[in-house]
Amino acid sequence: SHRMNLQYPNPCQRPALHYEQLSANKVRCSVCERRCTITPGNRGVCGARKNLDGELVVLTYGDISSISANPIEKKPIFHCYPGSRALTIGSWGCNFACPWCQNWSISKRQANPSQCNHLSPQDFVDEVHRTDCQGTSFSFNEPTTAFFEYALDVMPLAHNAGLYNTFVSNG
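Chemist: Any chance you could explain the sheet that holds strand 8 (residues 85-90) here in plain terms?
Modeler: Strand order in this open sheet of four strands is 7-8-9-10, and the pairing throughout is mixed. If you trace the sheet from one side to the other, it starts and ends with strand 7 (66-71) and strand 10 (164-167), each paired once. Strand-to-strand twist of the sheet, defined as the mean angle between neighbouring strand axes without regard to direction, takes the value 25°. Here strand 8 pairs with strand 9 (residues 135-138) via four bridges, running parallel. In the strand pairing of strand 9, Leu87 is matched with Thr136.

Structural data, given as C-alpha cells:
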C-alpha cells in the first residue's frame, strides 16, 4: 500500500519499493539486509532512501555519479561475454562502510536532491549503443540501495535492445 501520489521536485526521486509501513509515519526498508527503520525526514544507512511524510522514497533514481565504458573482464563475472564492454554507472551511497573502498568518494556521499544528475532509462540504453558497448552494468557504489527501482526499468529495455545486464553488488 505505497502512496504514489506525492509530487517530487526532481526526476531522481521516486517511491521506493520493498518497504514496510510500521506506523503512520515510520517505515522499515527491506531492499537490503540492514532493514533500516526510518522515521520522517531521515535516511537509511545507505543515504539513498528517505522517509518523506511516512513514504519511503529513493533519492537516486537515475542519479548518475559515474559513467564509464568498461571491459567485462573488470567485473567479477569476467567469464560472461568475454571481450565485450559494459557501460557502467554508479550513483551515491552504500549500506557498507568498507575501509578499503576504492569508490568511497561516491559510496559514502549521500544523494543531494538539489543536484540530481538524471539519466532516463531509455537515454541510458541509447548511450550504451552510442558508446558501442554490449551491455549495462550497475556498479561503483551499492546498486541495490541506489538503483534497485531504476534497474528494474532499465534492464528490460536493455534486454529488448539485445544488450546484457550486470549488477555488481555486495548483496
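Chemist: Honestly, the packing of helix 2 (residues 121-130) against helix 3 (residues 143-160) in this entry has me stumped. Any pointers?
Modeler: In a packed pair of helices, the relevant descriptors are the angle between the two axes and the axis-to-axis distance. Contact geometry for helix 2 and helix 3: axes closest at 9 Å, N-to-C directions at 45°. By the angle between their directions, the pair helix 2 and helix 3 is classed as oblique. For the element pair helix 2 and helix 3, the recorded crossing hand is right-handed. The residues of helix 3 that touch helix 2, namely those facing Pro121, Gln122, Phe124 and Val125, are Tyr150, Asp153, Val154, Leu157 and Ala158. The class makeup of the residues in the contact of helix 2 with helix 3 is seven nonpolar, one polar and one charged.

Chemist: It is not clear to me how the sheet that holds strand 3 (residues 27-29) should be interpreted in this structure. Could you clarify?
Modeler: Two pairing modes exist for strands in a sheet, parallel and antiparallel, and in both the strands are linked by backbone hydrogen bonds. Overall, antiparallel pairing links the three strands, which are arranged 2-3-4 in an open sheet. Whereas interior strands pair on both sides, the edge strands pair on one side only; in this sheet they are strand 2 (19-21) and strand 4 (37-38). Relative to strand 3, strand 2 is paired through three bridges, and the arrangement is antiparallel. Paired with Glu20 across the bridge in strand 3 is Arg28.

Chemist: In this structure, what is going on with the environment of Asn70? I would like to understand it.
Modeler: As for its position among the elements, Asn70 is in strand 7. Sequence separation between Asn70 and Thr136 is 66 residues; the distance between their C-alpha atoms is 9.7 Å. Each residue touching Asn70, except ones within four places of it in the same chain, is listed here: Lys75, Ser84, Arg85, Ala86, Thr88 and Phe140. Among the polar contacts made by the side chain of Asn70, one reaches the side chain of Ser68 at a distance of 2.9 Å.

Chemist: Explain the packing of aromatic side chains here, please?
Modeler: Aromatic ring pairs are described here by two measures, namely the spacing of the ring centres and the angle between the planes. The final tally for this structure, using the stated rule, is seven aromatic pairs. With centroids separated by 6.0 Å and ring planes inclined at 70°, the aromatic side chains of Phe124 and Phe138 adopt a geometry described as edge-to-face. Here Phe138 lies in strand 9 and Phe124 lies in helix 2, a separation of 14 residues in the sequence. Among the residues examined, Phe138 registers a relative accessible area of 0% and is labelled buried. With a centroid separation of 6.4 Å and 80° between ring planes, the pair formed by Phe138 and Tyr150 is classed as edge-to-face. With a gap of 12 residues between them, Phe138 in strand 9 and Tyr150 in helix 3 connect regions that are remote in the sequence. Neither Phe138 nor Tyr150 differs from the other in exposure class; each is buried.

Chemist: Could you clarify how one ought to interpret helix 3 in this entry?
Modeler: Every α-helix winds through 3.6 residues per turn, so residues three or four apart in the chain are directed the same way. Counted at 1.5 Å a residue, the expected span for helix 3 with its 18 residues is 26 Å, but the 21 Å between its end C-alpha atoms falls short. At Glu149, helix 3 is deflected by roughly 50°, the largest bend along its length. Following helix 3 by one or two positions, Gly162 has its phi on the positive side, about 85°.

Chemist: Explanation requested: unusual backbone geometry in the structure shown.
Modeler: Comment: phi is negative for the bulk of residues other than glycine, and the bulk of peptide bonds are trans. Of note, Arg35 is a non-glycine position whose phi angle comes to about 50°, a positive value. Mapped onto the elements, Arg35 comes out in the loop between strand 3 and strand 4. Look at Tyr81: it is not a glycine, yet its phi comes out positive at around 50°.

Calculation criteria
- Residues numbered from 1 in each chain as written.
- Predicted model: local features only at pLDDT ≥ 70, side-chain atom pairs only at ≥ 80, totals over all residues.
- Heavy atoms only, no water.
- Pairing = 2+ DSSP bridges.
- Helix = DSSP H or I, 4+ residues; strand = E, 2+ residues; numbered from the N terminus.
- Axes fitted to C-alpha atoms, helices over the stretch in contact; angles between N-to-C directions.
- Parallel < 35°, antiparallel > 145°, perpendicular 65-115°, else oblique.
- Left-handed = near helix turned anticlockwise from the far one by under 90°.
- Contact = heavy atoms within 4.5 Å.
- Nonpolar A, V, L, I, M, F, W, Y, C, P; charged D, E, K, R; others polar.
- Polar contact = N/O pair within 3.5 Å; in protein donor to acceptor, adjacent residues only side chain to side chain.
- Phe/Tyr/Trp six-rings, centres within 6.5 Å; stacked < 30°, edge-to-face > 60°.
- Buried < 20%, exposed > 50% of the residue type's maximum accessible area, 1.4 Å probe, protein only.
- Expected span 1.5 Å × (residues − 1).
- Bend = angle between axes of the 7 residues up to and from the residue.

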